[in-house]
Amino acid sequence: MGAETIVGVDVGGTFTDLVLIEPASRRARVAKVPTTADNQAGGVLHALEAAGIELAGVRALIHGTTTTTNALLERKLAPVGLITTAGFRDVLELGRRTRPRPYGLLGSFEPLIPRQRRLEVSERIDASGEVLEPLDEAAVRDAAQRLLALGSETLLIHFLHAYANPVHERRAAEIAREIWPNEHITIGSAVLSEYREYERGVTAAVEAAVGPVLARYLERLERDLEARGFAHDLLVMQGNGGSAAASEVTRKAVTTVMSGPASGVMAAAALARATRRSSLITYDMGGTSTDVGLILDGLPAVTAELELDYAMPIHVPMVDVHTIGAGGGSIARLDEAGLLRVGPESAGAVPGPICYGRGGTEPTITDANLLLGRLDPKGLLALEGGADVDLVRRRIDERIGRPLGLAPDDAAVAILRVASDRMAGAIRMVSLARGHDPRDFTLMAYGGAGPLHASALARELGIPRVLVPARPGITNAIGCATADLRQDFVNTVNRPLPSLDPELVRDLLAAQLEAGRTWLTRQGVATGEVEVRRFADMQFEGQTHILTVALPDPAPSVRTLHELFARAYHDRFEVELEEIRPVLVNLHSAIIGHRPPVPLDALAEPADGTGPELGARPVRFGERWMTTPVLARRALAPGTALEGPAVIQQLDATTLLEPGDRLEVDRLGNLLIEIGR
């Protein structure tokens, strides 16, 4: 391996994916191994071994992890104690007067910090940053001691309006450090310097709860990598689509939530630029979930409005990805009313689908695809030897077919149709629901299962073409390898435009840029050009909905802000509200340190000199079975064109070309499918 070798490794719910790229020789190596759910580091090390990588020759290793996301969803968190402003200990529980279920009075939720570990102290700062009541320092010291006695591992200090003036939070942290036995003290304003106390408080609580979990995981992984000869800083993917040194993300662990889905979208953005396709809908179907996103003008949409679970808003900038529980391992079942449901429950990696032969008994999407001839029973990646198709047929018949009065094959078709309806709904959420016509986009399908379902989804939604990358099953790992360094800085302004001082805007943006350059220097990673993207979060006075507009320069005038917001509002809602004053809520700067580009053409599998034909088998399309050619992906050279139907197989994914569709292989080895009508 050369000195420029780059490794990207992404941990998914079912598989851990790895790609090694040598830019000088333009060669790539890949590996796909089962995820070790109890300790994700095990899967990472197994993937490195499977690819035969000598870490001493690796220049950069970038890791996408679901450690923080899983910890939150499974509530396997560090116990947190909260010190907050007197009278506001229940903000995290009161929320926004929403409810877990839209109808009825049923449902409950558990706040991240239980009430007995939420303590109050006297202090008060108003929304303009003026101190109304001094901090009771003795009360802070007493509260910290009480929280330690209650078993808190992490301390969160979150005071009202600290985004406007953090002096009390910082002083309280100084006092707490004299008592607290570890470094896990979180200052709310350091996590999120925005208004909205509930969202700011929950985001800070998430940071405090997952920080120790991520720190322990990365410390163990770094130690294992160092023992195997890795001599550089480990880089970790963040939810904003950029990477950062492991030492940095442990200080702000909340930024790693949703890092896996973000890495796939970043790979799609790189491919969009390389293929000059500026508008993509990204469709990532893995073993556990499906993630969909939007790329406009070659850039992924970014949002700070993520709600990971009920009453868990996380307001830090993240790639805008909509996730549903529909993956290859999603379980098909009949509900109490006898209706067919698919997901969100998943068989995961263990026991996995029935066809994996690991003890799974519930039919899944993968099992349905296998029964319909779309997957090779002798070539499943997760299985040594052939799959027991008869067992799959019996289980689908027992669980789904007989109760619904359907033959096993028809039951498998029904499973896929229900799953496709859910996935189509997710695509509508990121396109039609936001004012974008899917017919103007290309659907980029990746993940181990995405290329199997992409053509059917595109046909249903009117999307004219599908792009399947050269290595669809490891696209998230490719996103890690291509990710630049990135950090986002957000500050609240919250002033109506007529009373806004342009100097304030200019000064805040300049301060964010300076903080970003300092952050880049701390990473210790060589970067080239530094890119700055500036945004303004705006709303009409009296509204709660925020629209984000891109700022063209670091010193926008009030008139420019007004025009940008009016245009964005009209584009989204087709309404002009000239009589209402716009408000500048937040200023946001993304500081991006570009790493050397990765040659995407290295990802295409080299031809092995054999023909593409692997044989043929019956495949079910709609209501009929058709004898369908099975082709080897690596034998399809650039310029190859063919008509459907066909099944195209490779190590990490299977692509289904439906009857009437036409496929062409581009210069990078991507499959471009034109959807027939």
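My aim in this report is to walk through the structure given alongside it, one point at a time.

Procedures and definitions
- Numbering of residues starts from 1 in every chain and runs along the sequence as written.
- Local features in a predicted model are, by the rule used here, given only for residues with pLDDT of at least 70; side-chain atom pairs are given and counted only at 80 or more, and totals for whole chains, interfaces and linings are based on all residues.
- Only hydrogens and water are set aside; all other atoms, that is, all heavy atoms of the structure, feed into the side-chain values.
- Lining residues are those with an atom within 4 Å of a point, where the points come from a 1 Å grid over the protein atoms alone and group into cavities, where a 1.4 Å probe fits but cannot get out, or pockets, open sets with protein on both sides within 12 Å along at least five of seven lines.
- Grid points are joined across faces, edges and corners, and a volume is the space filled by probe spheres set on the points.
- The helix count covers DSSP runs of H or I at least four residues long, the strand count covers runs of E at least two residues long, and both are numbered beginning at the N terminus.
- Gly falls in the polar group here, along with every residue not listed as nonpolar (Ala, Val, Leu, Ile, Met, Phe, Trp, Tyr, Cys, Pro) or charged (Asp, Glu, Lys, Arg).
- One less than the residue count of a helix, multiplied by 1.5 Å, gives the span that helix is expected to have.
- Axes are fitted to the seven residues ending at a residue and to the seven starting at it; the angle between these axes is taken as the bend at that residue.
- The rule is simple: take the accessible area with a 1.4 Å probe, protein chains only, and divide by the maximum for that residue type; under 20% is buried, over 50% is exposed, in between is partly exposed.
- The contact criterion used is simple: two residues touch if any of their non-hydrogen atoms lie within 4.5 Å.
- Any pair of N or O atoms that falls within 3.5 Å is considered a polar contact. Within protein, one atom must be able to donate a hydrogen and the other to accept it, and sequence-neighbouring residues count only if both atoms are side-chain atoms.
- Working definition: a ring pair exists when centres of Phe, Tyr or Trp rings (six-membered ring for Trp) sit within 6.5 Å. Plane angles under 30 degrees give stacked, over 60 give edge-to-face, the rest tilted.
- What counts as an axis is a line fitted to C-alpha atoms, over the stretch in contact for a helix, and the angles between N-to-C directions run from 0 to 180 degrees.
- Roughly parallel here means an angle under 35 degrees, roughly antiparallel means over 145, roughly perpendicular means 65 to 115, and every remaining angle is called oblique.
- Should the near helix be turned anticlockwise from the far one by less than a right angle, the crossing is termed left-handed; should it be turned clockwise, right-handed.
- By construction, the arc corresponds to the directions joining the helix axis to the C-beta atoms.
- Paired strands, as defined in this entry, are two strands with at least two bridges between them according to DSSP.
- Counted as salt bridges are all cases of a side-chain nitrogen of Lys or Arg within 4 Å of a carboxyl oxygen of Asp or Glu.

Take empty space enclosed by the protein next. For the structure on display, the rule yields 4 cavities of 30 Å³ or more. Taken together, Ala267, Leu271, Met444, Pro469, Ala470, Arg471, Thr475, Ile478, Leu600, Leu603, Leu668 and Asn670 make up the lining of the largest cavity. Of all the secondary structure elements, the ones that give two or more residues to the lining of the largest cavity are helix 9 (259-275) and helix 14 (475-482). Grouping the constituent residues of the lining of the largest cavity by class yields 9 nonpolar, 2 polar and 1 charged. If you add up the space inside the second largest cavity, you get close to 80 Å³. Considering the residues around the second largest cavity, the lining is formed by Arg75, Leu92, Phe109, Glu110, Pro111, Leu112, Val202, Ala205, Tyr310, Ala311 and Met312.

Residues three or four positions apart in an α-helix share a direction because the helix packs 3.6 residues into each turn. With 16 residues, helix 11 (residues 389-404) should reach 22 Å at 1.5 Å per residue; the first-to-last C-alpha distance of 21 Å fits that figure. At Asp397, helix 11 is deflected by roughly 50°, the largest bend along its length. Three or more residues of helix 11 are buried, namely Val392, Ile396, Asp397, Ile400 and Gly401. Buried residues in helix 11 make contact with strand 21 (330-334), strand 22 (340-346), helix 10 (365-371) and helix 12 (408-430). Regarding helix 11, its N-cap is Asp388, as a side-chain oxygen of that residue lies 3.3 Å from the backbone nitrogen of Asp390 further along. Following helix 11 by one or two positions, Gly405 has its phi on the positive side, about 70°.

Right, let's get into the packing of aromatic side chains. Two descriptors summarise a pair of aromatic rings, namely the distance from one centre to the other and the angle between the planes of the rings. Throughout the structure, instances matching the rule amount to 4 aromatic pairs. Centroid distance Phe565 to Tyr569: 5.8 Å. Interplanar angle 55°. Geometry classified as tilted. Placement of both Phe565 and Tyr569 in helix 16 (residues 558-573) is noted, with a separation of 4 residues, approximately one turn of the helix. Residue Phe565 shares its accessibility class with Tyr569, and that shared class is buried.

Axis separation between helix 1 (residues 40-50) and helix 7 (residues 197-227) bottoms out at 9 Å; the angle between their running directions is 25°. Taken together, the axes of helix 1 and helix 7 are roughly parallel relative to one another. The way helix 1 lies across helix 7 gives a crossing that is right-handed. Residues Gln40, Ala41, Val44, Leu45 and Leu48 of helix 1 lie in contact with helix 7, whose contacting residues are Tyr217, Leu221, Asp224 and Leu225. Here the contact of helix 1 with helix 7 is composed, by residue class, of 7 nonpolar, 1 polar and 1 charged.

Right, let's talk about the side chain of Thr442 for a bit. Within the secondary structure layout, Thr442 lies in strand 23 (residues 442-446). Residue contacts for Thr442: discarding those within four places in its chain leaves Arg277, Ser279, Leu280, Ile281, Ile463, Arg465, Val466 and Leu467.

Another aspect to go through is helix 5 (residues 167-177). Here helix 5 has its buried residues at His168, Glu169, Ala172, Ala173, Ile175 and Ala176. One side of helix 5 carries all its buried residues, which in axial view fall inside an arc of 160°.

For the rest of this paragraph, the subject is the pairing of strand 13 (residues 280-285). Most of strand 13 is tucked away: 6 of the 6 residues are buried. The sheet contact formed by strand 13 and strand 14 (residues 290-296) spans 6 bridges and is antiparallel. Across the sheet, Asp284 pairs through a bridge with Asp291, a residue of strand 14. Turn length for the strand 13-strand 14 hairpin, with the two strands adjacent in sequence and antiparallel, is 4 residues. Two strands pair when backbone bridges link them, and strand 13 and strand 23 are joined in this way by 5 bridges, in the parallel orientation.

Moving on: the environment of Ala28. Counting through the fold element by element, Ala28 comes out in strand 3 (residues 27-34). Classification of Ala28 as partly exposed rests on a relative accessible area of 21%. Residues Ala28 and Leu603, 575 residues apart in the sequence, show an inter-C-alpha distance of 5.8 Å. In this structure, Ala28 is in contact with Leu20, Ile21, Ala602 and Leu603, ignoring residues within four places of it in sequence.

Bringing the pattern of salt bridges into the picture now. Counted according to the given criterion, the structure contains 38 salt bridges. Between Asp320 and Arg434 there is a salt bridge whose closest N-O contact spans 2.4 Å. Of this pair, Asp320 sits in the loop between strand 19 (318-319) and strand 20 (321-324) while Arg434 sits in the loop between helix 12 and strand 23, and the two are 114 residues apart along the sequence. For Arg434, a relative accessible area of 28% puts it in the partly exposed group. In this structure, the salt-bridge partner of Glu541 is Arg581, at a minimum N-O distance of 2.8 Å. With Glu541 in the loop between strand 26 (530-540) and strand 27 (547-551) and Arg581 in the loop between helix 16 and strand 28 (582-593), this pair connects stretches of sequence that are 40 residues apart. According to the relative accessible area criterion, Glu541 is partly exposed, its value standing at 37%. Because the salt bridges share partners, they merge into one network encompassing Asp90, Glu93, Arg115 and Arg118.

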